[in-house]
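# Structure assessment
Below, each chain spelled out in residue letters.
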Number of protein chains: 2
Amino acid sequence: MSDIVSTVDVILLTLKDGGLQAALLRRDHEPYAGVLALPGGYIHPEEDADAEAAAERVLRDKTGIVSPYLEQLATFSGRGRDPRGWSLSVCYYALVPPALIESAGRAEMSLHPADTVRGLPFDHTRIIAAAVERVRNKSSYSSLPVYLCGETFTLPQLQAVYETLLGEPLNKVSFRRKIAEFGILEPVKGALATGGAHRPAQIYRLKQRFRKNLSLTDRGLNTG
Amino acid sequence: MSDIVSTVDVILLTLKDGGLQAALLRRDHEPYAGVLALPGGYIHPEEDADAEAAAERVLRDKTGIVSPYLEQLATFSGRGRDPRGWSLSVCYYALVPPALIESAGRAEMSLHPADTVRGLPFDHTRIIAAAVERVRNKSSYSSLPVYLCGETFTLPQLQAVYETLLGEPLNKVSFRRKIAEFGILEPVKGALATGGAHRPAQIYRLKQRFRKNLSLTDRGLNTG
DNA sequence: ACAATAGTGTCTCTTAGACAATATCGA
DNA sequence: TCGATATTGTCTAAGAGACACTATTGT
């Protein structure tokens, strides 16, 4: 008996109201029918090339979102997590800009502060906590947070995103040096974020070769 | 149909002959009977509390090793990895000192340079590569490599381990500063590594509270 | 005493953060 | 012109690496 009930769950994260928020859906079926939980579903071996493809499918079908960034978080398993018995869930987290949720997100989906959600069914509370920790940790040394911005953004906007994630103000000069070192952004020439009663900011976007879900520069500070 | 053939595989790593080596076993059964592969096995829901427990059991039963450090690496899945069809494997990596393999390791187990092994069945070559990358990456900013040393060791020995993993010489003063910052080692007072025709080195060990498989200080350089 | 490596003090260079000057907008 | 924020230059402080000196062993 080694065939196991195998699912994928997706932690869809975005930045809203000054904090990380996770998308939750009311469950259709028992157990916990009607209760808010992570978007998830069974792996369909005939349909899904692998677990990541299953996560993409589940995310698309249940929330309407196709995420530019999707990464495996970890696999949660065991006897206690589901009242029906031993189960296994391969979990992925996605980072999307809030605008994408506005435009493409299903109405059934709701956003909830990721640091403070409690009382979710299964081990979903713990899974969200793990995702938040991963994102925070990666944000401290990588360019991951750019996926929480839209296609284009200004450096002050990006810095605000980092500051929200890390929970502390960042030095402006150091921040810009670091982003420049990453070498992943390019100015959209001629495009300025105008409107404020002050000097407009240059608008940037990811360089072409970093657009699609490309692996990030890990440990960027050491990459000289 | 969402019950899936679920296994665990363990990448047992140690440091030998100046490099990372992975333990491989000849497979008992088809497919690939008689071929060298990672120690692995089916998850037994009745017996294993979760996938990590399954990994511990498989490691113990197949190699004789109980590892002081075992961490989930990732889950590999899909249609192509096993000729029998869609499968899923939750992979863990273990770090052990070479002496433990000498004393507790089964004879059937053999060690192979982890950077250069090729041609393993399933996706085991790729899995080992992922484990090696994870260990190298973590070694650059954490105390993970202490698990490749024995219970006690000297700082020059530990530095040699780091240098082997990172593939470059390290500054002695900086290395010692960093280890001191971690605050995880204590000198075994009175114990000196004597024998060489030179000043003997102080012997250290992990502080009690860091002994058992405790979570490491991640991103240690920033921990003030 | 000498060779060899362990352990430590200190200097320098690199890098991160503070401060501040300049730039450019709307009102 | 003024207020506000963007952008850039530069000084300073903290941390990493280089160098060198002292310590302790076996021969």
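Notes on the structure follow. (Residues numbered from 1 in each chain as written. Chains lettered and ligands numbered in written order. Predicted model: local features only at pLDDT ≥ 70, side-chain atom pairs only at ≥ 80, totals over all residues.)

### Quick word on the protein's contact with DNA strand D
Where we set the bar: The criterion for a residue being near a molecule or strand is a backbone-placed C-beta atom within 6 Å of that molecule or strand. For the purposes of this entry, the term helix denotes a DSSP run of H or I that reaches at least four residues, the term strand denotes a run of E that reaches at least two, and both are numbered from the N terminus. The nonpolar class holds Ala, Val, Leu, Ile, Met, Phe, Trp, Tyr, Cys and Pro. Asp, Glu, Lys and Arg form the charged class, and all remaining residues, Gly among them, are polar.
In the neighbourhood of DNA strand D, 22 residues make up the surrounding shell, with P156, H198 and Q202 of chain A together with S174 and R199 of chain B lying closest. For the surface near DNA strand D, the secondary-structure elements that each account for two or more residues are helix 4 (155–166), helix 5 (172–182) and strand 10 (201–206) of chain A together with helix 5 (172–182) of chain B. Per-class residue counts for the surface near DNA strand D are 9 nonpolar, 8 polar and 5 charged.

### Details of the sheet that holds strand 10 of chain A
Whether parallel or antiparallel, the strands of a sheet pair through hydrogen bonds between backbone atoms. Residues and elements named next belong to chain A. What counts is decided by this rule: The pairing criterion is simple: DSSP has to find at least two bridges between the two strands. Helix axes are fitted to C-alpha atoms over the stretch in contact, other axes to C-alpha atoms as well, and angles between N-to-C directions run from 0 to 180 degrees.
If you walk across this open sheet you meet the 3 strands as 8-10-9, and the pairing is antiparallel. Edge positions in the sheet fall to strand 8 (152–154) and strand 9 (185–193), since each of these pairs with one other strand and no more. The mean angle between the axes of side-by-side strands here comes to 40 degrees, regardless of whether they run parallel or antiparallel. Where strand 9 meets strand 10, 5 bridges bridge the pair, whose relative direction is antiparallel. Residue L185 lies in a different strand from strand 10, and its bridge partner there is L206.

### Regarding the sheet that holds strand 9 (residues 185–193) of chain B
Residues and elements named next belong to chain B. Worth spelling out the cut-off: It is the C-beta atoms, placed from the backbone, that decide contacts: two residues are in contact if theirs lie within 7 Å.
Judged by pairing direction, the sheet is antiparallel, and its 3 strands sit side by side in the order 8-10-9 without closing on themselves. Edge strands, defined here as strands with exactly one partner in the open sheet, are strand 8 (152–154) and strand 9. On average, adjacent strands in this sheet sit at an angle of 40 degrees to one another, irrespective of strand direction. Against the sheet, helix 4 (residues 155–166) engages strand 8 and strand 10 (201–206), with an angle of about 85 degrees to strand 8.

### Quick notes on the packing of helix 4 of chain A against helix 5 of chain A
Any two packed helices are characterised by the angle at which their axes cross and by the distance between the axes. All names here are of chain A. Where we set the bar: We call two directions roughly parallel when the angle between them is under 35 degrees, roughly antiparallel when it is over 145, roughly perpendicular when it lies between 65 and 115, and oblique otherwise.
Interhelical geometry of helix 4 versus helix 5 gives an angle of 100 degrees and a closest axis separation of 11 Å. The angle between the axes of helix 4 and helix 5 places the two elements in the roughly perpendicular class. From helix 4, L155, Q159 and Y162 reach across to helix 5, where they touch K172, F175, R176 and I179. Its residues placed into classes, the contact of helix 4 with helix 5 shows 4 nonpolar, 1 polar and 2 charged.

### Focus: the protein's contact with DNA strand C
The environment of DNA strand C is made up of 22 residues, and the closest members are S174 and R199 of chain A together with P156, H198 and Q202 of chain B. Those elements giving two or more residues to the surface near DNA strand C turn out to be helix 5 of chain A together with helix 4, helix 5 and strand 10 of chain B. Residues belonging to the surface near DNA strand C are distributed by class as follows: 9 nonpolar, 8 polar and 5 charged.

### A look at the packing of helix 3 (residues 124–139) of chain A against helix 4 of chain A
Residue and element names in this part refer to chain A. The following threshold applies: Definitions for this section: a left-handed crossing has its near helix turned counterclockwise from the far helix by less than a right angle. A right-handed crossing has that turn clockwise.
Interhelical geometry of helix 3 versus helix 4 gives an angle of 130 degrees and a closest axis separation of 9 Å. Between helix 3 and helix 4, the angle falls in the class oblique. The crossing of helix 3 and helix 4 is left-handed. Residue-level inspection shows V135, R136 and S139 of helix 3 in contact with helix 4, the latter providing Y162, L165 and L166. The residue inventory of the contact of helix 3 with helix 4, partitioned by class, reads 4 nonpolar, 1 polar and 1 charged.

### A few points about the interface of chain A and chain B
Taken together, the contact between chain A and chain B spans 26 residues of the former and 26 residues of the latter. Where the side of chain A that touches chain B is concerned, the elements lending two or more residues are strand 1 (3–16), strand 5 (69–78) and strand 6 (87–95) of chain A. Looking at the side of chain A that touches chain B residue by residue, the classes come out as 12 nonpolar, 9 polar and 5 charged.

### A word on the environment of D82 of chain A
Residues and elements named next belong to chain A. The condition that has to hold: Buried means a residue has 20 or more other C-beta atoms within 10 Å of its own C-beta, exposed means 12 or fewer, and partly exposed covers the counts in between; C-beta atoms are placed from the backbone.
Structurally, D82 is set in the loop between strand 5 and strand 6. Under the C-beta neighbour-count criterion, D82 is labelled partly exposed, with 19 such atoms within 10 Å. Separated by 21 residues in sequence, D82 and S103 place their C-alpha atoms 33 Å apart. Beyond its immediate stretch of four places on either side in the chain, D82 contacts S87 and F122.

### Digging into the relation of the copies chain A and chain B
Short version of the rule: Least squares is the method used to superpose the copies, on C-alpha atoms of residues holding a pLDDT of at least 70 in both.
Between the two copies, chain A and chain B, the superposition gives an RMSD of 0.0 Å; the rotation angle is 180 degrees and the shift along the axis is 0.0 Å. In symmetry terms, the pair is related by a two-fold rotation axis. Taken together, the interface assignments show that 100% of the residues at the interface of chain A recur at the interface of chain B, consistent with an identical surface on both copies.

### Overview of helix 3 (residues 124–139) of chain B
All names here are of chain B. The criterion, for reference: Any helix carries an expected span of 1.5 Å times its number of residues minus one. The directions from the helix axis to the C-beta atoms form the arc being described.
Over its 16 residues, helix 3 runs 22 Å from end to end, which matches the ideal 22 Å to within 8%, given 1.5 Å per residue. Those residues of helix 3 lying buried are H124, I127, I128, A131, V132 and V135. For helix 3, the angular spread of buried residues about the axis comes to 135 degrees, placing them on one side. In this structure, helix 3 carries R126 and E133 as exposed residues pointing more than 90 degrees from its buried face.

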